[in-house]
Structure formats: structure tokens, C-alpha cells
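So you can see what is in the structure, the chains are spelled out below.
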Amino acid sequence: MPQYLGLVSLVVRDYDEAIDFYVQKLGFTLVEDTYQPAQNKRWVVVAPPGAKECHLLLAQASNEHQATRVGDQTGGRVFFFLYTDDFWHDFKTYKAKGVVFVREPKTESYGTVAVFADLHGNQWDLIQPTTTPVPSDA
């Protein structure tokens, strides 16, 4: 039976703030935003343009313990690896929209890569692979 990751959960401070960042700054699609009254929370899913399988579930921190993890779910390591087929277009677009790059672009054996921070400081690799991607931060 084939398997794939369907959703990856990202703890955020506020649903609307996170939606604004991912949709307005990164150009992701808002796939779903459904209120769940029984849990008094929302089911918020976003996806990069063209994503077919894995999407990002934006999960608002619901207690103090979860709130301490916002922006540091990986202890400062790169958390996500966003692949693109037009690195320079995406890099320039993100910069123009105020996305902060914490490592400038460089060419590696696996492709062109730069690291940016999301609205909470989680680090993302933006990568245009040359062939088979082998991220340096894995």
C-alpha cells in the first residue's frame, strides 16, 4: 500500500496571523479553514502552489506548554524544505514581501538554497534542486 505524508502540523500563535503570512507572503493556498465548535478550535490547512500530497496544518497553541514551542519546534534547526523550480523568482518575491532570509543564497552540489524564517522564527530552506535533492540541513 502506498503511503505519503498528508499533513505536517506547525504550532502557531494565532490562526489569522499565520494564514496571512503563509498566504500573503509565501503565496500558499488556503486549503481549509473550518471551525470545530466541540474543541473550540479551527482546522486550518495551507499548501504551497502545486502541492499535491503534503500540506501544512496550522495549529494554534492551546496551552502554555504548546505556546513555548512556537517558533522553536526543532531547536533552531531548519524545519521545512520548500522545493521550487524557480529559485530566483521565489527568492526575490519573498524578499520584496518582507520575508527575512537568515542565510543568503548559495549554490551547492544539490542545488541553489537559502534559509528564511517564518513569522515565528522557524527556519525554512528554499531549494531549487539540481537533480536529486540532498539538503545540507537534514
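Structural notes, computed from the coordinates. Note that this is a predicted model, so its numbers are computed, not measured.

Procedures and definitions
- Residues numbered from 1 in each chain as written.
- Predicted model: local features only at pLDDT ≥ 70, side-chain atom pairs only at ≥ 80, totals over all residues.
- Heavy atoms only, no water.
- Phe/Tyr/Trp six-rings, centres within 6.5 Å; stacked < 30°, edge-to-face > 60°.
- Core = buried A, V, L, I, M, F, W, Y, C linked by side-chain atoms within 4.5 Å.
- Buried < 20%, exposed > 50% of the residue type's maximum accessible area, 1.4 Å probe, protein only.
- Helix = DSSP H or I, 4+ residues; strand = E, 2+ residues; numbered from the N terminus.
- Contact = heavy atoms within 4.5 Å.
- Pairing = 2+ DSSP bridges.
- Axes fitted to C-alpha atoms, helices over the stretch in contact; angles between N-to-C directions.
- Arc of directions from axis to C-beta.
- Polar contact = N/O pair within 3.5 Å; in protein donor to acceptor, adjacent residues only side chain to side chain.

**Some thoughts on the packing of aromatic side chains**
Each aromatic ring pair is described using two quantities: the centre-to-centre distance and the angle formed by the ring planes.
Link 1 in the chain: Tallied over the full model, the rule gives 13 aromatic pairs.
Link 2 in the chain: Ring centres of Y22 and F28 lie 5.7 Å apart, and the angle between their planes is 45°; on these two criteria the pair is classed as tilted.
Link 3 in the chain: Counting every residue linked through ring pairs, the aromatic cluster contains F21, Y22, F28, F79, F80, F87, W88, F91, Y94, F101, F116 and W124.

**Some words on the nonpolar core**
Link 1 in the chain: In this structure, Y22, L58 and F116 are the most contacted members of the largest nonpolar core, which totals 25 residues.
Link 2 in the chain: Elements with a minimum of two residues in this core: β1 (7–12), α1 (15–25), β3 (41–47), β4 (55–60), β5 (78–83), α3 (87–96), β7 (111–117) and β8 (123–129).
Link 3 in the chain: The element that contributes the greatest number of residues to this core is α1, accounting for five residues.
Link 4 in the chain: Residues contacting L58, with those up to four places away along its chain left out, are L10, V12, Y15, A18, I19, Y22, V44 and V46.

**Details of the sheet that holds β5**
Link 1 in the chain: Read across the sheet, four strands follow the order β5-β8-β7-β6 without closing on themselves; strand pairing throughout is mixed. One side of each edge strand has no neighbouring strand; the edge strands of this open sheet are β5 and β6 (100–108). Taken over all neighbouring pairs, the strand axes of this sheet differ in orientation by 20° on average, direction set aside.

**Some details on unusual backbone geometry**
Link 1 in the chain: The phi dihedral of N40 falls on the positive side, at around 50°, and the residue is not glycine.
Link 2 in the chain: Inspection of the secondary structure puts N40 in the loop between β2 (29–36) and β3.

**Considering α1**
Link 1 in the chain: Of the residues making up α1, those classed as buried are Y15, A18, I19, F21 and Y22. Along the axis of α1, the buried residues cluster in a sector spanning 165°; they form a single face.
Link 2 in the chain: In this structure, the buried side of α1 is in contact with β1, β2, β3, β4, β7 and β8.
Link 3 in the chain: With a side-chain oxygen lying 3.1 Å from the backbone nitrogen of D16, the N-terminal cap of α1 falls on D14.
Link 4 in the chain: With its phi angle positive at about 75°, G27 sits one or two positions after the end of α1.

These figures come from the coordinates and say nothing about function on their own.
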